[in-house]
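Structural overview for review
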Amino acid sequence: MSINGEKNLMNDQKETSHIIGIRDMKEEYIQEILDQTYEIKKTPAKYSNSLNGKILALAFWEPSTRTRLSFESAMLRLGGTCMGFSSQAGTSIEKGESLSDTITMLASYSDCIVIRHPHRGSAKLAAKIASRQGVSVISGGSGSQEHPTQALLDIFTIHEKCKRLDGLNVGLVGDLRYSRTISSLLFALSKFGRNTIYSISHPTLSLQEELLFDLEDSNLNIINLENLGDIIGELDVLYVTRLQKERFPDPMLFNKVRGSYQVHPSLMKLAKDSLIIMHPLPRVDEIPYAIDQLPQALYFEQAKNGVYTRMALLKKLLEHRK
Amino acid sequence: MENLTDKKQLIVNKIDNGIVIDHITPAGTAFLVLQALKIDNHFPHSVFVAINVSSKRLGRKDVLKIRNIKESDLNLEMLGLLIAGSNLVVIEDYKIIRKVRLETPEFTRGLFQCPGHSCITRLHEDVEPEFKVIKGNGTNESVKLRCIYCDKIFDVFQTLTMVS
């Protein structure tokens, strides 16, 4: 089994690449994906037969709109086909079937499996199991751990607009503790030189200890703040995540602090013209609709880039699979 | 069992067969070691526990002597996680037949359940919990494990204390 594109041989004697997380992914591998994404975005039609005859299994234990549908769109645009499930309803999981057995079965039906599961470590376990049949696994989000393909499309979007991935001032706002997107994005940014990260959240939703442990020796300069207004004028990238009421011990506290983590139109007067506002979506009210009209609002373009990035990834993993 | 011959010396009788674990630090860890070895009052043989003994090199240490237990009965990996640097001495017929310095392993599998509440290994799955050992600043107290699945980092001592 090989994790994150690096190939090696394990006991099963099969060489299989997986995309489990950004933490252990090499910068060169990420760069290759970004380069391929640029090529595909320029002329997507050129790749419409790249994965003819290949089958992608979508195994989603949790709800998803963008991740699942953009993978499906990516696979179809490459000439492949998709199968799978988007909730536990109607599958044997409802009868108590394990992830291990479900993945074993899907591996015999497909060439690659995208998995989203509420438990941390789920993608890694799936990769271990699918390796036995030489099938690749891509994480579409494993609990609060990582969401690697989101990070790939995020840094593609940042690079496309800012023309660089280093020397950036990046503000992260909202629920930073339970956001798998934030973990993967920080791992990605840590591989491309020195960036300053402004972590703007309520103390109960600050960055995970495990993440800070991993980033301790990285090039990232992480600064904790509680108010977006204090720093918005300095930012090149503002990455907003959804605050989830259920994460707060007290609903009163949620109502009290939510305003501090919203992007009010009035705040935008302080922002640079070149600022880009990103969001993994779905949003609730942390970015009001009024912001959508501003040139800095990039979240829908970001979501669109998800298709090209996932095309690049699928092509890289599957093109030469027999 | 024990004789005080004078005010400076504590003598614990030699054991005929079994093991001695010396230089256990930090002092007070011996009870955790017994717990990890699953040795309690139902264990049928003598167990000598010395806690907080003066040591020129270590300041304070613990010593364990356990009769009629074989090296093969011990989980050396677990001992290495708890008391790396301690010496394990195997005794047969009052003679030392082997002396081993316990070392911290790099990985460990199946000894602990992952304390991460949302870890996939907590579900009924085809997986054995597996951890990478994160060595601290050279003291046994700071040995931590990291789940290779969910990345949860935890302290071995704290986990054992919670189990008890």
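Not measured: the values here are computed from a predicted model.

Here we take up the overall build of chain A. For chain A, the helix and strand inventory stands at ten helices and eleven strands. For chain A, whose C-alpha radius of gyration is 19 Å, the value lies close to the compact-globule estimate of 20 Å for 322 residues. When the backbone C-alpha atoms are referred to their principal axes, chain A occupies close to 55 × 45 × 40 Å. Here chain A holds 322 residues, and the buried ones make up 57% of them. For chain A, restricting intrachain contacts to residue pairs at least 6 apart in sequence, the fraction spanning at least 24 positions comes to 76%. Carbon together with sulfur atoms contributes 48% to the accessible area of chain A, which is approximately 13,300 Å² in total. Across chain A, the centroid of the 38 positively charged side chains sits 5 Å from that of the 37 negatively charged ones.

What follows concerns the sheet that holds strand β8 (residues 107–109) of chain B. All names here are of chain B. Spatially, the four strands line up as an open sheet ordered β8-β9-β10-β11, and their pairing is antiparallel. The outermost strands of the open sheet, each flanked by one partner alone, are β8 and β11 (153–155). Each strand of the sheet is rotated relative to its neighbour by a mean of 35 degrees, with strand direction disregarded. For strand β9 (residues 130–134) and strand β10 (residues 144–147), the ladder comprises four bridges, and the chain directions are antiparallel. Each residue of the ladder has a partner; that of F131, found in β10, is C147. Packing of helix α2 (residues 76–83) onto the sheet brings it into contact with β8, β9 and β10, and relative to β8 it is tilted by some 130 degrees.

Applying the stated criterion across every chain, the model contains 20 salt bridges over all chains. For the salt bridge of R23 of chain A with D24 of chain A, the shortest nitrogen-to-oxygen distance reads 3.5 Å. Measuring nitrogen to oxygen at the nearest pair gives 2.7 Å for the salt bridge that ties R98 of chain B to E71 of chain B. One end of the pair, R98 of chain B, is in strand β7 (residues 95–101); the other, E71 of chain B, is in the loop between β5 (59–67) and α2, and 27 residues separate them in sequence. Overlapping salt bridges, with partners in common, bring together R23, D24 and D214 of chain A together with R146 and D151 of chain B in one network.

Here the focus is the domain arrangement of chain A. All names here are of chain A. Considered domain by domain, chain A is made up of domain 1 (22–147 + 306–318) and domain 2 (149–303). Domain 1 and domain 2 are separated by 25 Å when their C-alpha centres are compared. The interface of domain 1 with domain 2 comprises 31 residues on the first partner and 28 residues on the second. Summing both sides of the interface, domain 1 and domain 2 together bury roughly 2,600 Å²; the carbon and sulfur share of this comes to 59%. When the area that domain 1 buries against domain 2 is broken down by residue, the three leading residues are Y38, R66 and H147, summing to 25%. Taken together, domain 1 and domain 2 are joined by four salt bridges. E62 serves as the salt-bridge partner of R180, at 3.3 Å between the closest nitrogen and oxygen. Here domain 1 is connected to domain 2 by 20 residue pairs in polar contact (both at pLDDT 80 or more).

This part covers the interface of chain A and chain B. At the interface, 17 residues of chain A touch 17 residues of chain B. Summing the contributions of chain A and of chain B, the shared interface buries around 1,500 Å²; its carbon and sulfur component is 49%. It is H119, R120 and E210 of chain A in chain A that bury the most area against chain B; as a group they hold 33% of the surface buried on that side. In this structure, R23 of chain A engages D151 of chain B in a salt bridge whose closest nitrogen and oxygen atoms are separated by 2.9 Å. Counting across the interface, chain A meets chain B through 14 residue pairs in polar contact (both at pLDDT 80 or more). Elements with a contribution of two residues or more to the side of chain A that touches chain B: α3 (99–109), α4 (122–131) and α7 (209–215) of chain A. If one sorts the elements of the side of chain A that touches chain B by residue count, α4 of chain A sits on top with four residues. Residues of the side of chain A that touches chain B, tallied by class, amount to three nonpolar, seven polar and seven charged.

Turning to the nonpolar core, a few remarks are in order. If you look at the biggest cluster of nonpolar residues, it comprises 60 residues, and the most contacted ones within it are I103 and I113 of chain A together with I21 of chain B. Here this core takes six residues from α4 of chain A, the largest share from any one element. The contact partners of I103 of chain A, leaving out residues within four places of it in the chain, are W61, I113, I115, A126, I129 and A130 of chain A.

Rules and cut-offs
- Residues numbered from 1 in each chain as written.
- Chains lettered and ligands numbered in written order.
- Predicted model: local features only at pLDDT ≥ 70, side-chain atom pairs only at ≥ 80, totals over all residues.
- Heavy atoms only, no water.
- Helix = DSSP H or I, 4+ residues; strand = E, 2+ residues; numbered from the N terminus.
- Rg over C-alpha atoms; globule rule 2.2 N^0.38 Å.
- Buried < 20%, exposed > 50% of the residue type's maximum accessible area, 1.4 Å probe, protein only.
- Contact = heavy atoms within 4.5 Å.
- Areas by Shrake-Rupley, 256 points an atom, 1.4 Å probe, with all protein chains shown as cover.
- Lys, Arg positive; Asp, Glu negative; His and termini not counted.
- Charge placed at Lys NZ, Arg CZ, Asp CG, Glu CD.
- Pairing = 2+ DSSP bridges.
- Axes fitted to C-alpha atoms, helices over the stretch in contact; angles between N-to-C directions.
- Salt bridge = Lys/Arg side-chain N within 4 Å of Asp/Glu carboxyl O.
- Domains from an automatic or database assignment.
- Buried area = accessible area lost by both parts, 1.4 Å probe.
- Polar contact = N/O pair within 3.5 Å; in protein donor to acceptor, adjacent residues only side chain to side chain.
- Nonpolar A, V, L, I, M, F, W, Y, C, P; charged D, E, K, R; others polar.
- Core = buried A, V, L, I, M, F, W, Y, C linked by side-chain atoms within 4.5 Å.

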